[in-house]
2 protein chains.
Amino acid sequence: MQTEEEILKIKKVKNTAVRTVVLRHLLSQEKAQSLKDIENALVYTDRSSIFRTLKTFEKKKVIHSIEDGSGMTKYAVCAEGCNCDPKDLHYHFYCTNCEKTFCLFDVTIPNIQLPNNFKLQQANLVVKGLCDNCNK
Amino acid sequence: MQTEEEILKIKKVKNTAVRTVVLRHLLSQEKAQSLKDIENALVYTDRSSIFRTLKTFEKKKVIHSIEDGSGMTKYAVCAEGCNCDPKDLHYHFYCTNCEKTFCLFDVTIPNIQLPNNFKLQQANLVVKGLCDNCNK
DNA sequence: TAATCTTTGCAATCGGGTTGCACCAAAAAC
DNA sequence: GTTTTTGGTGCAACCCGATTGCAAAGATTA
Ligand SMILES: [Mn+2]
Ligand SMILES: [Mn+2]
Ligand SMILES: [Zn+2]
Ligand SMILES: [Zn+2]
């Protein structure tokens, strides 16, 4: 596992106090975090600073965003070597019981066959159901 | 192609003026429509009436909603016989150029393999890229 | 040091979505 | 056929997540 500093260095994002603490928080959570989640966790950091940090991180591919249908965009740290292009595609799982959203890095995505002459760029693939913890 | 009246009858939704015109509009469009889209098209119908109509339609499975990441929920008429359960799953395509979102009914969805003990209930699968019209 | 660029915090704003309420029309009860 | 009940509609207000303008603080460069 890389440290915050290493990740920021690799992704060419200048290290600042807010960025370090936001990234550290994201790394410490198993579920993808919304702006509100982060705001609640980092009570001394302003929402707009967190927001802009997330935008910066996303542009520099430190994190990726997930639209899970909850109405709040969620963010998760990219896997090592991720470039956020089709080869990095993975499902996201939203548990309808515990309401956690997380990346399913270990599930391979079948090749997506598109109609003739369509070009795949990215995808937002959210699978919903019960996670192992809640499916008992 | 079924008429609005037939669809509403089959799905057990009472036919009203607003419902007929909203459904007719949805049927007439090739791309999935946002609340705003419909509002702009039906200038004499109130937004909240359209909104409540969409909610009713969704509950009664006349339409399904799509989170394409644009920030606005889109709606499309369900295919005949659709029950909005896993067997009715299909990809949605969002063209990053013309910004149309639509159902890919003809592309079969590969079986989604989840980790042990996860249970699939639904999914929101949005594929992004260039549609055939824009990929030239 | 002085000038310049970037980051941060605060407050205000935007916009999609949602709701309370009064009115009205259709359906049900009488 | 008239009254009562139920449900749909329009209007205005509101909620809340996201976004932005601006000035202060901090970092970088000349
Ligand atoms: Mn992910
Ligand atoms: Mn669809
Ligand atoms: Zn769960
Ligand atoms: Zn297109």
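Above: the structure in question.
Owing to the predicted nature of the structure, the values given are computational and were not obtained by experimental measurement.

Draft legend 1. Expanded view of the nonpolar core. By size, the foremost hydrophobic cluster in this structure holds 28 residues, and its most contacted members are Tyr91 and Phe93 of chain A together with Tyr91 and Phe93 of chain B. Looking at this core, the elements with two or more residues in it are strand E4 (91–95), strand E5 (101–104) and strand E6 (119–130) of chain A together with strand E4 (91–95), strand E5 (101–104) and strand E6 (119–130) of chain B. With near-sequence residues (within four places) excluded, tyrosine 91 of chain A lies in contact with Phe102, Cys103, Leu104, Val107, Thr108, Ile109, Pro110, Leu125 and Val127 of chain A together with Ile112 and Leu125 of chain B.

Draft legend 2. Region of interest: the sheet that holds strand E2 (residues 63–66) of chain A. Residues and elements named next belong to chain A. Spatial strand order, E1-E3-E2: three strands in an open sheet with antiparallel pairing. The strands lining the two open edges of the sheet, one partner per strand, are strand E1 (33–34) and E2. Here E2 runs beside strand E3 (residues 74–77); their pairing, made up of four bridges, is antiparallel. Following the sheet pairing, serine 65 is matched in E3 by tyrosine 75.

Draft legend 3. Focus on the protein's contact with DNA strand C. Taken together, 21 residues are adjacent to DNA strand C, and Thr16, Ser49 and Arg52 of chain A together with Phe51 and Thr73 of chain B come closest. One nitrogen or oxygen atom from the side chain of arginine 19 of chain A is found 2.9 Å from a phosphate oxygen belonging to DNA strand C. Contacts to DNA strand C include serine 48 of chain A, whose side-chain N or O atom sits 2.9 Å from a base nitrogen. Contributing elements (two or more residues each) for the surface near DNA strand C: helix H2 (17–28) and helix H4 (47–59) of chain A together with helix H3 (35–41) and helix H4 (47–59) of chain B. Class assignment for the residues of the surface near DNA strand C results in five nonpolar, seven polar and nine charged.

Draft legend 4. Representation of the coordination of the zinc ion (ligand 4) within the structure. Residues and elements named next belong to chain B. Protein ligation of the zinc ion (ligand 4) involves Cys95 (SG), Cys98 (SG), Cys131 (SG) and Cys134 (SG), the donor distances falling in the range 2.2 to 2.5 Å. Here the zinc ion (ligand 4) is ringed by four donor atoms whose angles at the metal span 100 to 118°, and the overall shape comes out tetrahedral. When its relative accessible area of 30% is taken as the criterion, cysteine 98 is described as partly exposed.

Draft legend 5. Quick peek at the coordination of the zinc ion (ligand 3). All names here are of chain A. The coordination sphere of the zinc ion (ligand 3), as far as protein atoms go, consists of Cys95 (SG), Cys98 (SG), Cys131 (SG) and Cys134 (SG), spread over 2.2 to 2.5 Å. The site at the zinc ion (ligand 3) holds four donor atoms, and with the angles between them running 101 to 118°, its shape is tetrahedral. For the zinc ion (ligand 3), the donor residues sit on a single chain with the sequence spacing C-x2-C-x32-C-x2-C. With cysteine 95 in strand E4 and cysteine 131 in the segment after E6, the pair connects residues that are 36 residues apart, well separated along the chain. Considered together, cysteine 95 and cysteine 131 belong to a single accessibility category, that of buried residues.

Draft legend 6. Structural context of the relation of the copies chain A and chain B. If you rotate chain A by 179° and push it 0.0 Å along the axis, it lands on chain B with an RMSD of 0.1 Å. In symmetry terms, the pair is related by a two-fold rotation axis. Considering only C-alpha atoms, the residue of chain A closest to the rotation axis is leucine 125 of chain A, which sits at 2.2 Å. Looking at chain A, 100% of its interface residues are interface residues in chain B too, so the copies touch through the same face.

Draft legend 7. Molecular detail of H4 of chain B. All names here are of chain B. With 13 residues, H4 should cover 18 Å at 1.5 Å per step; its first-to-last C-alpha distance of 18 Å lies within 8% of that length. If you check which residues of H4 are buried, you get Ile50, Thr53, Leu54 and Phe57. Seen end-on, H4 carries its buried residues on one side only, within an arc spanning 100°. Residues Arg52 and Lys59 are exposed on H4 and point more than 90 degrees away from its buried face. Considering only its buried residues, H4 is in contact with helix H1 (4–10), helix H2 (17–28), H3, strand E2 (63–66) and strand E3 (74–77). Immediately beyond the C-terminal end of H4, within one or two residues, lies lysine 61, with a positive phi of roughly 65°.

Draft legend 8. Highlighting unusual backbone geometry. One non-glycine residue, glutamate 99 of chain A, adopts positive backbone phi at about 65°. Position of glutamate 99 of chain A among the secondary structure elements: in the loop between E4 and E5. In the Ramachandran plot, lysine 12 of chain B falls in the positive-phi region, its phi being about 60° despite a non-glycine side chain. When you line up the elements, lysine 12 of chain B lands in the loop between H1 and H2. Overall, the relative accessible area of 68% leaves lysine 12 of chain B in the exposed class.

Draft legend 9. The protein's contact with DNA strand D, seen in detail. Neighbouring DNA strand D are 20 residues, the closest being Phe51 of chain A together with Thr16, Arg19, Ser49 and Arg52 of chain B. Here a base oxygen of DNA strand D sits 2.6 Å away from a polar atom, N or O, in the side chain of arginine 52 of chain B. For the surface near DNA strand D, the elements supplying multiple residues, two or more each, are helix H3 (35–41) and H4 of chain A together with H2 and H4 of chain B. The element that contributes the greatest number of residues to the surface near DNA strand D is H4 of chain A, accounting for five residues. Classifying every residue of the surface near DNA strand D by side-chain character gives four nonpolar, seven polar and nine charged.

The rules behind each value
Residues numbered from 1 in each chain as written. Chains lettered and ligands numbered in written order. Predicted model: local features only at pLDDT ≥ 70, side-chain atom pairs only at ≥ 80, totals over all residues. Heavy atoms only, no water. Core = buried A, V, L, I, M, F, W, Y, C linked by side-chain atoms within 4.5 Å. Buried < 20%, exposed > 50% of the residue type's maximum accessible area, 1.4 Å probe, protein only. Helix = DSSP H or I, 4+ residues; strand = E, 2+ residues; numbered from the N terminus. Contact = heavy atoms within 4.5 Å. Pairing = 2+ DSSP bridges. Near = heavy atom within 4 Å. Polar contact = N/O pair within 3.5 Å; in protein donor to acceptor, adjacent residues only side chain to side chain. Nonpolar A, V, L, I, M, F, W, Y, C, P; charged D, E, K, R; others polar. Donors = N, O, S within 2.8 Å, 3.2 Å for Na, K, Ca; no water. Tetrahedral: all angles 85-135°; square planar, octahedral: opposite > 155°, others 65-115°. Least-squares fit on C-alpha atoms with pLDDT ≥ 70 in both. Expected span 1.5 Å × (residues − 1). Arc of directions from axis to C-beta.

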